[in-house]
Amino acid sequence: MSAEDFERFRKVVLADLELLRRLADIEDWAEFTEVAMRESAQLHLEIDADDIRLAHQASRRAWLERWI
C-alpha cells in the first residue's frame, strides 16, 4: 500500500479517458475494486482494496462537506 502509488494511479486514470470511462461505467463496487487493482498492477503501482475504499470514503466526505 502506497499513498504515492495511489496518487500516481489517480493521475493516470484522469489522463486516460478510455480507462476513466471504463472505471466509471462499473456499477459493482467489488468489480470496480478488482479492475482498479488490476490496472494499477499493470502500471507497477501497489494499491490495494483498502487504498481504494479509503479514497472513496474521503471523496464522499469531501463532497458531503461542500453541501453542509
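Residues numbered from 1 in each chain as written. Predicted model: local features only at pLDDT ≥ 70, side-chain atom pairs only at ≥ 80, totals over all residues. Heavy atoms only, no water.

A. Here's a closer look at the overall build of the chain. A tally of regular secondary structure across the chain gives 4 helices and 0 strands. Traced from its N-terminal end to its C-terminal end, the chain shows the element sequence α-α-α-α. Taking 11 Å as the expected radius of gyration for a compact globule of 68 residues, we find that the chain reaches 12 Å, a close match to that expectation. Dimensions of the chain along its principal axes, counting C-alpha atoms only, are 40 × 25 × 25 Å. Only carbon and sulfur atoms are counted for the fraction: they give 55% of the accessible area of the chain, which is about 5,300 Å². Averaging the coordinates of the 10 positive side-chain charges in the chain and doing the same for the 16 negative ones gives two points 6 Å apart. (Helix = DSSP H or I, 4+ residues; strand = E, 2+ residues; numbered from the N terminus. Rg over C-alpha atoms; globule rule 2.2 N^0.38 Å. Areas by Shrake-Rupley, 256 points an atom, 1.4 Å probe, with all protein chains shown as cover. Lys, Arg positive; Asp, Glu negative; His and termini not counted. Charge placed at Lys NZ, Arg CZ, Asp CG, Glu CD.)

B. Spotlight on the nonpolar core. Ranked by size, the top nonpolar core spans 11 residues in total: Phe6, Phe9, Val13, Leu19, Leu23, Ile26, Val35, Ala36, Leu45, Ile47 and Ile52. The greatest single-element share of this core, amounting to 3 residues, is contributed by helix α1 (residues 3–15). Among all residues touching Phe9, those that are not within four sequence positions of it are Leu23, Ala36, Glu39, Ser40, Leu43, Leu45 and Ile47. (Core = buried A, V, L, I, M, F, W, Y, C linked by side-chain atoms within 4.5 Å. Buried < 20%, exposed > 50% of the residue type's maximum accessible area, 1.4 Å probe, protein only. Contact = heavy atoms within 4.5 Å.)

C. Region of the structure containing the side chain of Glu39. Among the secondary structure elements, Glu39 is positioned in helix α3 (residues 29–42). Residue classification places Glu39 among the buried positions, given a relative accessible area of 13%. Beyond its immediate chain neighbours, meaning those up to four positions away, Glu39 contacts Phe9, Leu19 and Arg22.

None of this, on its own, says anything about what the molecule does.
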